[in-house]
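Fold and geometry: a report
Next come the chains, spelled out residue by residue.
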Amino acid sequence: LNKKRARSRADDKLLTKKVLRRAGIPHPRLLGRLKSQAEIERFNWLKLKGGFVIKPVQGLEGGGIILIKRPAKLAGEWILVGGKKVSTEDLKLHAMDIIEGRFSRNNIPDTAMIEEMVKTHRKFKKISSGGAPDVRIVVFNKVPIMAMLRLPTEESGGKANLHQGAIGLGIDIATGITTYGVYHGKQIKLFPQTQKKINGITIPDWNKILRMAVETQIASELGYLAVDMLIDPELGPLVLELNDQPGLSIQVANRSGLKRRLNRVEGLSVEDSKKGVKVAKALFASSFAKQVKGLLGGKTRVGIFEMAEIKIGKRK
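Quick notes on the rules
Residues numbered from 1 in each chain as written. Predicted model: local features only at pLDDT ≥ 70, side-chain atom pairs only at ≥ 80, totals over all residues. Heavy atoms only, no water. Pairing = 2+ DSSP bridges. Helix = DSSP H or I, 4+ residues; strand = E, 2+ residues; numbered from the N terminus. Axes fitted to C-alpha atoms, helices over the stretch in contact; angles between N-to-C directions. Contact = heavy atoms within 4.5 Å. Buried < 20%, exposed > 50% of the residue type's maximum accessible area, 1.4 Å probe, protein only. Polar contact = N/O pair within 3.5 Å; in protein donor to acceptor, adjacent residues only side chain to side chain. 1 Å grid on protein atoms, 1.4 Å probe; cavity = no way out; pocket = protein on both sides within 12 Å on 5 of 7 lines; lining within 4 Å. Points joined across faces, edges and corners; volume = space filled by probe spheres on them. Nonpolar A, V, L, I, M, F, W, Y, C, P; charged D, E, K, R; others polar.

Attention now moves to the sheet that holds strand S2 (residues 52-56). If you trace the 6 strands from one edge of the open sheet to the other, you get S1-S6-S2-S3-S4-S5, paired in antiparallel fashion. The sheet is open, and its two borders are formed by strand S1 (30-34) and strand S5 (85-87), each paired with just one other strand. Taking each pair of neighbouring strands and ignoring which way they run, the sheet shows an average axis angle of 30°. Here strand S4 (residues 77-80) runs beside S5; their pairing, made up of 3 bridges, is antiparallel. Each bridged residue has a counterpart across the sheet, and for Glu77 the counterpart in S5 is Ser87. Across the sheet, helix H2 (residues 13-23) is in contact with S1, S2 and strand S6 (112-116); its angle to S6 comes to roughly 45°. Of the strands in this sheet, S1, S2, strand S3 (66-71), S4, S5 and S6 are in contact with helix H4 (residues 88-99), which crosses S5 at around 75°.

Here we come to H2. Listing the buried residues of H2 in full gives Lys13, Leu14, Thr16, Lys17, Val19 and Leu20. Residues of H2 that are buried sit in contact with helix H1 (4-11), S1, S2, S6, helix H5 (206-220) and strand S13 (236-243). N-cap assignment for H2: the residue whose side-chain oxygen lies 2.9 Å from the backbone N of Leu14 is Asp12. Count one or two residues on from H2 and you reach Gly24, which has phi positive near 70°.

Quick look at the pairing of strand S9 (residues 167-171) now. Regular strands place side chains that alternate from one sheet face to the opposite one. A large share of S9 lies buried, amounting to 5 of its 5 residues. Of the two faces of S9, the one holding Ile167, Leu169 and Ile171 and the one holding Gly168 and Gly170 are both buried throughout. Where strand S8 (residues 143-151) meets S9, 5 bridges bridge the pair, whose relative direction is antiparallel. What sits directly across from Leu151, in S9, is Ile167. Of the strand pairs in this sheet, S9 and strand S10 (residues 178-183) are connected by 4 bridges, and their pairing is antiparallel. Its bridge partner being in S10, Ile167 is matched across the sheet by Tyr183. Between the end of S9 and the start of S10, which pair antiparallel, lie 6 residues, with Gly176 showing a positive phi angle near 75°.

Let us now look at empty space enclosed by the protein. A probe matching the size of a water molecule, rolled over the atoms, marks out where space remains unfilled. Going through the model one piece at a time under the given rule, you end up with 1 cavity of 30 Å³ or more. Considering only enclosed or pocket space, the largest cavity measures out at about 40 Å³ in volume. Taken together, Ala6, Arg9, Ala10, Leu15, Thr16, Val19, Ser220 and Leu242 make up the lining of the largest cavity. At the level of elements, H1 and H2 are the ones that each hand at least two residues to the lining of the largest cavity. Looking at the lining of the largest cavity, its residues break down into 5 nonpolar, 2 polar and 1 charged.

Structure (structure tokens):
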């Protein structure tokens, strides 16, 4: 379902930004692109005042991404997420490694991009370490079919990447509330080294996130994809990147298979993002969803067969 041209755009983070910009979909601000050693040397690194991210345009599974929290007191030095101090020369060398293809899909020459770092939403500050968590939404046929919250850890170096040690929490599509979890490929019920349950966390701006995921699929022209989003405390949801070959750990985090959900959605006539979200909530709501007051559009949903309790009042 994913044509080569659309896949190429999704695999190139700069082309992805171009697609998002044309469609009017919010995304993190681009601060610079570096294609050669000369451009690395000419770039004014000292103009970067806040947090930022350096990443390969053709990167895979979080490789080559470094997160800079802020400038250090001394000009030309920077504090990474995790507290380590690096120099501008260190950043230049890393950018050069990216350009030479060290982190690209096929070790071919690449481009280093510098992107504004999105702040961590206050909802997640106590459950994530370093960088901001992201929300992954798998979309097929304009319908969000499965979702996961990815939480950075000290082990993952502030990156929301499960391959590097981040935690994945399944999300109920209807309510935006976390359900189950996965860590290093294994199911979990508690956050590692704590007694805090991983379920019951409500994702901010959930309905907007679902709509943006569908709008992103439409703009990308991909038939099947995962949309990764960050939630800025002021700007709201921002599309970080697209993945036309998303990993399957999202199934473990949700304790549910993708194939069955794909089959239920295939062939449906879905006009727009609003309809797609309604279909998703109707088809993929967890068993507890109808008990969550106000999160299902204010309407009570009943099945064909329901148990009824009849209360007989006192006779007058």
